[in-house]
Amino acid sequence: LKERLESENPPILLDIQKKNAYKEHHFKDSIRTYAYPAKTDYDLQSTVQGVRVYERTGSDLVIIGPRGGRASQRTVDFLITRGVPEEKIFILQGGMREWHYKNLLITPETFPH
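Here's what I pulled together on the structure shown here. Keep in mind the model is a prediction, meaning the values are calculated, not measured. (Residues numbered from 1 in each chain as written. Predicted model: local features only at pLDDT ≥ 70, side-chain atom pairs only at ≥ 80, totals over all residues. Heavy atoms only, no water.)

Below, the discussion takes up the overall build of the protein. Secondary structure summary: the protein contains five helices and six strands in total. Tracing the protein from N to C terminus, the helices and strands come up as α-β-α-β-β-α-α-β-α-β-β. With the C-alpha coordinates aligned to their principal axes, the bounding extent of the protein is approximately 40 × 30 × 25 Å. Within the span of the protein, comprising 113 residues, buried residues form 41% of the whole. Taking contacts inside the protein between residues at least 6 apart in sequence as the whole, the part at least 24 apart equals 63%. Total accessible area on the protein is roughly 6900 Å²; 49% of this is exposed by carbon and sulfur atoms. Here the protein contributes 17 positive and 15 negative side-chain charges, whose respective centroids are spaced 7 Å apart. (Helix = DSSP H or I, 4+ residues; strand = E, 2+ residues; numbered from the N terminus. Buried < 20%, exposed > 50% of the residue type's maximum accessible area, 1.4 Å probe, protein only. Contact = heavy atoms within 4.5 Å. Areas by Shrake-Rupley, 256 points an atom, 1.4 Å probe, with all protein chains shown as cover. Lys, Arg positive; Asp, Glu negative; His and termini not counted. Charge placed at Lys NZ, Arg CZ, Asp CG, Glu CD.)

Tracing the backbone through its elements, the reader meets T75 in helix α5 (residues 70-81). Leave out the neighbours within four places in its chain, and T75 touches L14, I16, A38, L44, T47 and I63.

Of note, S72 is situated in helix α5. For S72, the contacting residues outside a window of four places in its chain are I16, I63, G65 and I91.

Moving on, we come to a positive patch on the surface. A cluster of basic residues, K39, R67, R70 and R97, forms a positive patch at the surface. You can see K39 is positioned in the loop between β3 (31-32) and α3 (41-44). (Patch = residues over 30% accessible without salt bridge, like charges linked within 9 Å, V, L, I, M, F, W, Y side chains within 5 Å. Salt bridge = Lys/Arg side-chain N within 4 Å of Asp/Glu carboxyl O.)

Time to look at the pattern of salt bridges. Evaluated as defined, the whole model comprises four salt bridges. A salt bridge links E6 to K2; its shortest N-O distance comes to 3.1 Å. The shortest N-O distance in the salt bridge between K28 and D29 comes to 3.4 Å. Summarising the burial analysis for this pair, K28 and D29 share the class exposed. One network of salt bridges, in which partners are shared, links R4, D60 and K88.

It is worth spelling out the sheet that holds strand β4 (residues 61-64) at this point. Taken in spatial order, the four strands of this open sheet run β3-β1-β4-β5, and their pairing is parallel. For this open sheet the edge positions go to β3 and β5 (89-91), each flanked by a neighbour on one side alone. Pairing analysis gives two bridges linking strand β1 (residues 12-15) to β3, with the strands arranged parallel. Paired with L14 across the strands is I31, a residue of β3. Sheet contacts for helix α4 (residues 48-57): β1, β3 and β4; angle to β1, the most-contacted strand, approximately 175 degrees. The strands touched by α5 are β1, β4 and β5; relative to β5, the strand with the most contacts, the crossing angle is about 175 degrees. (Pairing = 2+ DSSP bridges. Axes fitted to C-alpha atoms, helices over the stretch in contact; angles between N-to-C directions.)

Next up, the structure:
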C-alpha cells in the first residue's frame, strides 16, 4: 500500500474506523465513513461515497479498518452489491493497528483540530 500511495495512480482509501479512531490516525485523502463495525446496511451506507469515487475514476479501492478483519470483509461484500468489482477492492491487512509507516498518517500532532 505504501508504494501505491506514493505512485502516480493511488488507490481510493475508504476508512471505516470509528470516529474516535479516525481522529487519532488516518490517511491523508481517505474517505471517512465511520462505518465500523459494519454490521448493518445502515452502518455501511456511508461507504457509498467510495462507490461514487470508484465510478468516476475506476481506481482500486482499499478498505482501511482497525484490524483488517470481519468488518472490512463485510464492507467488501457490501461494495460488491453496489457494483464495485471484487478484483478492484482490497483490505489493508492488519488494519491501522499493524500499519508501520506512521509518518504517512494524519494525527492530532500533525493536524491539530
